Amino acid sequence: MVRYLVQAWLVLLLALGFGAALAAVQSRLGPRIEQNKRDETYDQVPRLVAGAVKERTRELKLKIGGEERAVYKAFDGAGRHVGWVIKAAGQGFADVIELLIGLDRRGETITGLYVLENKETPALGNKIVEPAFRGRFRGKPTARPLKVTKKPPRADNEILAISGATVSSESVTRIVNAAVAEFKRALPAGGGH
Amino acid sequence: MAKDGPTPLERFIQGILPENPVYRQLLGMCPTLAVTGNMKAAMTMSGAVLFVLLGANLMVSLIRGLLKPHLRILVFTLTIAAFVTVADKFIAAYMWEMSKELGPYVPLIIVNCIIICRCEVCASKQGPVAAAADAVGQSLGFALALASIATVREVLGSGTWFGIDLGWRAAAYDNYKLVLMALPPGAFITLGLLLGGANWMASARRRRRPQA
């Protein structure tokens, strides 16, 4: 036993030293990394809801689909409630896609879409992150579920698919439909008052 | 002890081309294939490898007199893991988007053979100056190799370089379907062709100077 310890003193000493150094690094950088994660959502709020101010955004817990989930209530500079940002996730072509969806005060119109996380095929499916695709959701009414088409849309619930990435386009649309429907059910009658 | 082994300058130069970690030693193939879809990711990975290799080589060189043969690999791995964790946290704190793009490949530097190989071949036998020169030379060689592959793949696959649009993006995307180059097969094809090219040049040089 003692022989092993004598042989391994360098390993033990290094492990202690590195451990202490890494603890110091973590305590310096940890809060910043946490902040990056939170900012990723909060930074998007003004882009997802017109007029919203990042600093005034409030995180609420709503009972959605049987479980407590965080939603973000967006306010403008004068403190007026202007809309909501909700998080949604679902299976994509490759892995789980995580979205942020901007909605107006009553959840009747989609005001913006942002992709937080995706592992879709580079240069095909991962074009879902580009504004050209995300913009197709802006202004869509939520009264009817959205549908993906391969031709230029004619009805106001149609979303033009990314060519070569129909599955990814459909996944995003399905996630949006499900999340918006659940959120509207959870929203107290009369919308955000 | 002092006289055997290459000098720091030799170590530095060898790492760049004559003993290039990717093209000559075929080490570190995992990041070479995985993060060369674009220049930004490739250069961030190269920077992280430089930091880890420099840190690990210096540390190992300084304690080389204390190393026991049967525990040395354990010491190398421990040292490398510590520096990799610092690099990973740093990228997550200051380059959040890039940290998401590189995903597991920064933590995976721990098992990058280039680093353990340099600890074994150079740092555990030579002084800190030679070890540092070796680390910088090998990292430059690694960066050069990644840049060559990433340039081919990004220019052909995405029509950009360092994210800058080269003006034929739409053509590359839609007409020629070179999107393959941005996907994993593109990595294998590019690496294979460039590796073949490097070998061909080396053998051509040998033919010209048979004694070398």
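Residues numbered from 1 in each chain as written. Chains lettered and ligands numbered in written order. Predicted model: local features only at pLDDT ≥ 70, side-chain atom pairs only at ≥ 80, totals over all residues. Heavy atoms only, no water.

### Description of the pattern of salt bridges
All told, the structure shown has 11 salt bridges over all chains when counted by the stated rule. Across the salt bridge formed by A:Glu34 and A:Lys37, the nearest N and O atoms sit 3.8 Å from each other. Of this pair, A:Glu34 and A:Lys37 both sit in helix 2 (residues 9-48), three residues apart, which is roughly one turn of that helix. Under the relative-accessibility criterion, A:Lys37 is labelled partly exposed at 44%. The salt bridge partner of B:Lys100 is A:Glu40, with a shortest N-O separation of 2.6 Å. In this pair, B:Lys100 is assigned in helix 5 (residues 96-102) and A:Glu40 in helix 2, connecting two distinct chains. (Salt bridge = Lys/Arg side-chain N within 4 Å of Asp/Glu carboxyl O. Helix = DSSP H or I, 4+ residues; strand = E, 2+ residues; numbered from the N terminus. Buried < 20%, exposed > 50% of the residue type's maximum accessible area, 1.4 Å probe, protein only.)

### Points about helix 2 of chain A
Between its first and last C-alpha atoms helix 2 of chain A spans 57 Å; for 40 residues at 1.5 Å apiece the expected length is 58 Å, and the two agree. The principal kink in helix 2 of chain A, of about 40°, is found at A:Leu29, preceding the proline A:Pro31 by one to four residues. (Expected span 1.5 Å × (residues − 1). Bend = angle between axes of the 7 residues up to and from the residue.)

### A short note on the pairing of strand 1 (residues 58-64) of chain A
Residues and elements named next belong to chain A. As paired elements, strand 1 and strand 2 (residues 67-75) share seven bridges and run antiparallel to each other. Each bridged residue has a counterpart across the sheet, and for Lys-61 the counterpart in strand 2 is Ala-70. With antiparallel pairing between neighbouring strands as the criterion, strand 1 and strand 2 make up a hairpin whose turn holds two residues, including Gly-65 at a positive phi of roughly 55°. (Pairing = 2+ DSSP bridges.)

### Some words on the interface of chain B and chain A
In this assembly, 27 residues from chain B lie in contact with 25 residues from chain A. When the two sides are added together, the surface that chain B and chain A hide from each other amounts to roughly 2,300 Å², 72% of it contributed by carbon and sulfur. In terms of surface lost to chain A, no three residues of chain B exceed B:Leu78, B:Lys89 and B:Trp96, which account for 22% of the buried area on that side. Where chain B touches chain A, the interface holds one salt bridge. For the interface between chain B and chain A, the tally reads eight residue pairs in polar contact (both at pLDDT 80 or more). Breaking the side of chain B that touches chain A down by element, the ones donating at least two residues are helix 4 (72-94), helix 5 and helix 8 (169-175) of chain B. (Contact = heavy atoms within 4.5 Å. Buried area = accessible area lost by both parts, 1.4 Å probe. Polar contact = N/O pair within 3.5 Å; in protein donor to acceptor, adjacent residues only side chain to side chain.)

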